[in-house]
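Take a look at the letters that make up each chain.
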Amino acid sequence: MEIGPKIKKLREERGMTLEELGDKVGVGKSTVRKWENGIIANMRRDKISKLANALGCSPSELMGWDNNLETSGGFVAQMLMDEEFTSYVKKLYSLPKETRSKVYGYIDALGRDGE
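Bear in mind that the values here come from a model prediction, so they are computed numbers and not experimental data.

Regarding the pattern of salt bridges
Should the charged atoms of two oppositely charged side chains come close, the side chains can pair.
Okay, so step 1: By the definition in use, this model includes five salt bridges.
Okay, so step 2: Across the pair Glu12 and Arg11 runs a salt bridge, and its minimum N-O distance is 4.0 Å.
Okay, so step 3: Linking Arg11 and Glu36 is a salt bridge whose minimum nitrogen-to-oxygen distance equals 2.6 Å. With Arg11 in helix α1 (residues 3-13) and Glu36 in helix α3 (residues 29-36), this residue pair connects regions lying 25 residues apart in the sequence. Glu36 carries the same exposure label as Arg11, and that label is buried.

Observations regarding a nonpolar patch on the surface
Okay, so step 1: A grouping of Tyr93, Tyr104 and Ile107 is seen on the molecular surface, where their side chains present a nonpolar patch of about 320 Å² in accessible area.
Okay, so step 2: Mapped onto the elements, Tyr93 comes out in helix α7 (residues 83-94).

A closer look at α3
Okay, so step 1: Within the span of α3, buried status applies to Val32, Trp35 and Glu36. An end-on view of α3 places all buried positions within 95° of arc, on one side of the element.
Okay, so step 2: Turning to α3, the residues buried within the fold contact α1, α2 (18-25) and α4 (45-55).
Okay, so step 3: Where α3 terminates, the next one or two residues include Gly38, which has phi positive at roughly 75°.

Section: the environment of Ala54
Okay, so step 1: In this fold, Ala54 is placed in helix α4.
Okay, so step 2: In this structure Ala54 touches Met16, Leu21, Lys24 and Val25, once residues within four positions along its chain are discounted.

Some thoughts on the packing of aromatic side chains
Okay, so step 1: If you walk through the whole model with that rule in mind, you get zero aromatic pairs.
Okay, so step 2: One cation-aromatic arrangement involves Lys91 over Tyr88; the distance from NZ or CZ to the ring centre is 5.1 Å.

Quick notes on the side chain of Glu36
Okay, so step 1: Here Glu36 falls in the buried class, since its relative accessible area comes to 10%.
Okay, so step 2: With near-sequence residues (within four places) excluded, Glu36 lies in contact with Gly4, Pro5, Ile7, Lys8, Arg11 and Leu18.

A word on the side chain of Arg11
Okay, so step 1: Given a relative accessible area of 8%, Arg11 falls into the buried group.
Okay, so step 2: Setting aside residues up to four positions removed in sequence, Arg11 forms contacts with Met16, Thr17, Leu18, Leu21, Glu36 and Leu55.

Examining the environment of Trp35
Okay, so step 1: Examined against the element boundaries, Trp35 turns out to sit in helix α3.
Okay, so step 2: For the pair formed by Trp35 and Ile3, sequence separation is 32 residues and the distance between their alpha carbons is 7.9 Å.

A look at the packing of α2 against α4
Okay, so step 1: Two elements in contact, α2 and α4, have axes separated by 9 Å at closest approach and are oriented at 125°. One finds that α2 runs oblique with respect to α4. As for the relative orientation of α2 and α4, their crossing is right-handed in sense. In contact with Leu21, Lys24 and Val25 of α2, α4 contributes Lys47, Lys50, Leu51, Ala54 and Leu55.
Okay, so step 2: Here the residues of the contact of α2 with α4 sort into five nonpolar, no polar and three charged.

Procedures and definitions
- For every chain, the first residue of its written sequence is number 1, and the numbers climb from 1 along that sequence.
- In keeping with the predicted nature of the model, local features appear solely for residues at pLDDT of at least 70, side-chain atom pairs appear and are counted solely at 80 or more, and the whole-chain, interface and lining totals rest on all residues.
- Derived side-chain values reflect all non-hydrogen atoms in the structure, with water molecules and hydrogen atoms excluded from consideration.
- The working definition used for a salt bridge is a side-chain nitrogen of Lys or Arg within 4 Å of a carboxyl oxygen of Asp or Glu.
- Comment: elements are numbered from the N terminus, with helices defined as DSSP H or I runs of at least four residues and strands as E runs of at least two.
- A simple rule labels every residue: compare its accessible area, found with a 1.4 Å probe on the protein chains alone, to the largest value its type can have, and call it buried under 20%, exposed over 50%, or partly exposed in between.
- The patches reported here contain residues having more than 30% relative accessible area and no salt bridge. Joining distances are 9 Å for like charges and 5 Å for nonpolar side chains (Val, Leu, Ile, Met, Phe, Trp, Tyr).
- Accessible areas in this description were obtained via Shrake-Rupley with a 1.4 Å probe; residue shielding takes into account the shown protein chains only.
- Here the arc refers to the set of directions running from the helix axis out to each C-beta atom.
- Contact between two residues is taken to exist if any of their heavy atoms lie within 4.5 Å; hydrogens are not considered.
- For this analysis, a ring pair means two rings from Phe, Tyr or Trp (six-membered ring only for Trp) whose centres lie within 6.5 Å, classed as stacked if their planes differ by under 30 degrees, edge-to-face if by over 60, and tilted for the remaining angles.
- Lysine NZ or arginine CZ positioned within 6 Å of the ring centre and within 35 degrees of the ring normal marks a charge as sitting over the ring.
- In this description, a line fitted to the C-alpha atoms serves as the axis of each element, helices being fitted only across the stretch in contact, and the angle between N-to-C directions of two axes falls anywhere from 0 to 180 degrees.
- Working definition: roughly parallel below 35 degrees, roughly antiparallel above 145 degrees, roughly perpendicular at 65 to 115 degrees, and oblique for all remaining angles.
- When the near helix sits turned anticlockwise from the far one by under a right angle, the crossing is termed left-handed; a clockwise turn instead gives a right-handed crossing.
- For this classification, the nonpolar set comprises Ala, Val, Leu, Ile, Met, Phe, Trp, Tyr, Cys and Pro, the charged set comprises Asp, Glu, Lys and Arg, and every other residue, Gly included, is treated as polar.

As structure tokens, this is what we get:
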């Protein structure tokens, strides 16, 4: 199911108006209407998270991503929704290559310790 009809279906199942959902997400009812009608297809990560929370589902479920972390799509979706993780990835990639290699070695050592 496309994201727009899914938002509308979940909203209606929960007995919410466009305005009520917009208030919970921090947007106007016209924005919710545009999401539901596919006029706005690319939502910001923070809005996806708030929308999923307001509709009582996971961001992965809302967006139609695979929830199974064993598959690459589900794993990537979970990583992208984790703001702490993405902030560390940005910091990591700002480091020189030699320093990143040291960080990777440290992570590998931590993984071996936990086995």
